[in-house]
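Working through the structure, step by step
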Amino acid sequence: MPLDKNDIVARFTARFGQSPRWVIRAPGRVNLIGEHTDYNDGFVMPMAIDRAAWIALRPRDDRRVAVFSVDYNESREFSFDELRTNENAGWIEYLKGTAWSLQDSGLRLTGWEGVLQGDVPLGAGLSSSAALELATARALAAAGSLDWNPAKMALLGQRAENKWVGVNCGIMDQLISAAGQKGHALLIDCRTLDAQPVPFPAGTAVVVLDTSTRRGLVDSAYNERRSQCEAAAKFFGVKALRDVTMKQFEQMAGGLDVVTRRRALHVISENDRTLRAADAMRRGDAVELGRLMAESHRSLRDDYEVSSDALNAMVECAAAHPACFGARMTGAGFGGCAMALIRADAADDFVAKTAAAYQQKTGHTPAVYVCQATNGAEVV
Ligand code: GLA
């Protein structure tokens, strides 16, 4: 069962002897399609999920933040006047980095204290760090009576991740954690940050397929892919690969080296698939949506080369079930989670059989569960 408001309120009350002034929830995400396109100014279609970072808090009258992490069973605090990175400090760095980013953008911050708890699995490709950044931003906005503009806060969260945590991610994770809409995925144009809610085809469900294998994003492979995309954009003479059509690619790509060509092919075809997937969703066409997801996985596996044996095994196990419309890895890749779109009425059977087949095939014990599309960061 996902955490809910009562859990975090009870934690706060046990520590502080009174109810919190605000309760904040900021979700993790699953990306339906549009992978490794965000940093190419392209299109993504994630949904915010019912796994989130929660903060219960009350204001303080100084410029300090003091937080107890339920998951780590430890307290940490910092002052807005002495913000310095500490590479070994762990989870608190996400809060400090977000405070730094908001303050550096000219916002006036006010202190608070509270309790933090989350149920987005760490390092699984479900954006636990974006959830923590947006929960912190929402808490700072509540305590400081700041305007809440989801796109602006997503950019500030991304800046914390890029400059403070040191991970060179795109905008997708922070934007969906800030702006998610219940019952919908969002088709996001990562150049303009325009986000359109897209409904799910009737009778479908989204399943998270956690391979239980992990590999950090900080890994050089992510940055290497980014540089290859930049090199390809330069070759085509455009700002970002978003600006290259399939037709232009076919005409010119012969001049690229083999690896860069395959990287570019993934990004250009994935942008196209993402737009087509949004159309399929609007028409309620689950079969076409599933087909595009399967194609996306093959492209990530063969051309972008960011999948893994465990992810491929999971996708194969899921796709073999008759209730599955399509399955693919989700997030940066190399480990973590895949996702599937399935017939909702067969969810129990799908979950049991896919988990068993994956375990049999790989020896890893997976976590497989249906998830719901939720709102982005909010005071609940
Ligand atoms: C990670 C990054 C995102 C995005 C995905 C790949 O989740 O944080 O910005 O690049 O990988 O689609």
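What you are looking at is a predicted structure, and each value in this text was computed from that prediction instead of being measured. (Residues numbered from 1 in each chain as written. Predicted model: local features only at pLDDT ≥ 70, side-chain atom pairs only at ≥ 80, totals over all residues. Heavy atoms only, no water.)

Right, let's talk about the site of the ligand for a bit. Neighbouring the ligand are 13 residues, the closest being Glu 35, His 36, Asp 38, Asp 173 and Tyr 222. At 2.6 Å, a side-chain N or O of Glu 35 approaches an oxygen atom of the ligand. Within the backbone of His 36, a nitrogen or oxygen atom sits 2.7 Å from an oxygen atom of the ligand. Within the complex, the protein chains bury 98% of what would otherwise be the 300 Å² of accessible surface of the ligand. (Near = heavy atom within 4 Å. Polar contact = N/O pair within 3.5 Å; in protein donor to acceptor, adjacent residues only side chain to side chain. Areas by Shrake-Rupley, 256 points an atom, 1.4 Å probe, with all protein chains shown as cover.)

The contact between helix α3 (residues 128-143) and helix α5 (residues 172-179) brings their axes to 9 Å, and the two run at 50 degrees. With respect to each other, α3 and α5 are oriented oblique. For the pair α3 and α5, the sense of crossing is right-handed. For the pair α3 and α5, contact is made by Ala 130, Ala 131, Glu 133 and Leu 134 and by Asp 173, Gln 174, Ser 177 and Ala 178, respectively. (Axes fitted to C-alpha atoms, helices over the stretch in contact; angles between N-to-C directions. Helix = DSSP H or I, 4+ residues; strand = E, 2+ residues; numbered from the N terminus. Parallel < 35°, antiparallel > 145°, perpendicular 65-115°, else oblique. Left-handed = near helix turned anticlockwise from the far one by under 90°. Contact = heavy atoms within 4.5 Å.)

The next point concerns the nonpolar core. If you look at the biggest cluster of nonpolar residues, it comprises 77 residues, and the most contacted ones within it are Val 30 and Trp 112. Ranked by residue count, the leading element in this core is α3, at ten residues. Within the second largest apolar cluster, 43 residues are counted, among which are Ala 232, Tyr 304, Met 329 and Ala 347. (Core = buried A, V, L, I, M, F, W, Y, C linked by side-chain atoms within 4.5 Å. Buried < 20%, exposed > 50% of the residue type's maximum accessible area, 1.4 Å probe, protein only.)

Below, the discussion takes up the sheet that holds strand β2 (residues 43-44). Spatially, the three strands line up as an open sheet ordered β2-β7-β8, and their pairing is antiparallel. The open sheet has two free edges, formed respectively by β2 and β8 (195-199), since each of these has just one partner strand. Two elements, strand β7 (residues 184-189) and β8, share five bridges in a ladder whose sense is antiparallel. Counted as the bridge partner of Leu 187 is Gln 196 from β8. (Pairing = 2+ DSSP bridges.)

As a further point, take the pairing of strand β5 (residues 74-79). Summarising the sheet, strand β4 (residues 64-69) and β5 pair through six bridges and their orientation is antiparallel. Residue pairing in the sheet places Phe 68 in a bridge with Ser 75 of β5. Linking β4 to β5, which pair antiparallel, is a turn of four residues; within it Asn 73 sits at a positive phi near 55 degrees.

Next up on the list: the confidence of the model for the protein chain. Mean pLDDT over the protein chain works out to 97, with 99% of the residues at or above the 70 mark. Per-element averaging of pLDDT across the protein chain places helix α6 (residues 220-236) at the bottom with 96 and β2 at the top with 99. (pLDDT = per-residue confidence, 0-100.)

Now for the sheet that holds strand β10 (residues 324-329). In spatial order, the strands read β10-β11-β9-β12; together these four strands make up an open sheet with antiparallel pairing. Strand pairing shows two members of the sheet lacking a second neighbour, β10 and β12 (367-371), which therefore form its edges. Within this sheet the neighbouring strands show an average axis-to-axis angle of 20 degrees, counted without direction. Two strands pair when backbone bridges link them, and strand β9 (residues 204-210) and β12 are joined in this way by five bridges, in the antiparallel orientation. Note that in β12 the partner of Val 206 across the bridge is Cys 371.

Their axes nearest at 9 Å, the elements helix α2 (residues 92-104) and α3 cross at an angle of 55 degrees. When the interaxial angle is binned, α2 and α3 end up oblique. Crossing angle aside, the handedness with which α2 passes α3 is right-handed. Only Ser 129, Leu 132, Glu 133, Thr 136, Ala 137 and Leu 140 of α3 make contact with α2, whose side of the interface consists of Tyr 94, Leu 95, Thr 98, Ala 99 and Leu 102. Class assignment for the residues of the contact of α2 with α3 results in seven nonpolar, three polar and one charged. (Nonpolar A, V, L, I, M, F, W, Y, C, P; charged D, E, K, R; others polar.)

For Thr 354, the position within the fold is in helix α11 (residues 347-362). By relative accessible area, Thr 354 is classed as buried at 1%. Polar contacts involving the side chain of Thr 354 include one to the main-chain carbonyl oxygen of Phe 350, which spans 2.8 Å. Discounting chain neighbours no more than four positions away, the residues touching Thr 354 are Leu 209, Met 314, Cys 317, Ala 318 and His 321.

Per the stated rule, a full pass over the model turns up 31 salt bridges. Where Arg 282 meets Asp 279, a salt bridge forms, and the shortest distance between an N and an O atom there is 3.4 Å. Taken together, the positions of Arg 282 and Asp 279, both in helix α8 (residues 258-283) and three residues apart, correspond to about one turn of that helix. In this structure Asp 279 comes out as partly exposed when scored by relative accessible area, which is 37%. Glu 288 is paired through a salt bridge with Arg 291; the nearest N and O atoms lie 3.0 Å apart. Of this pair, Glu 288 and Arg 291 both sit in helix α9 (residues 286-302), three residues apart, roughly one helical turn. Owing to a relative accessible area of 19%, Glu 288 belongs among the buried residues under this scheme. Arg 291 gets classed as partly exposed once you look at its relative accessible area, which sits at 38%. (Salt bridge = Lys/Arg side-chain N within 4 Å of Asp/Glu carboxyl O.)

In this structure, the largest pocket occupies an estimated 990 Å³ of space. Tyr 94, Leu 122, Gly 123, Ser 128 and Ser 129 are the residues nearest the centre of the largest pocket, which is lined by 50 residues in total. Secondary structure elements with two or more residues in the lining of the largest pocket: β3 (46-59), β6 (112-118), α3, α4 (150-165) and α5. Counting residues per element, the lining of the largest pocket draws most heavily on α3, which supplies five residues. When grouped by side-chain class, the residues that make up the lining of the largest pocket number 23 nonpolar, 18 polar and nine charged. (1 Å grid on protein atoms, 1.4 Å probe; cavity = no way out; pocket = protein on both sides within 12 Å on 5 of 7 lines; lining within 4 Å. Points joined across faces, edges and corners; volume = space filled by probe spheres on them.)

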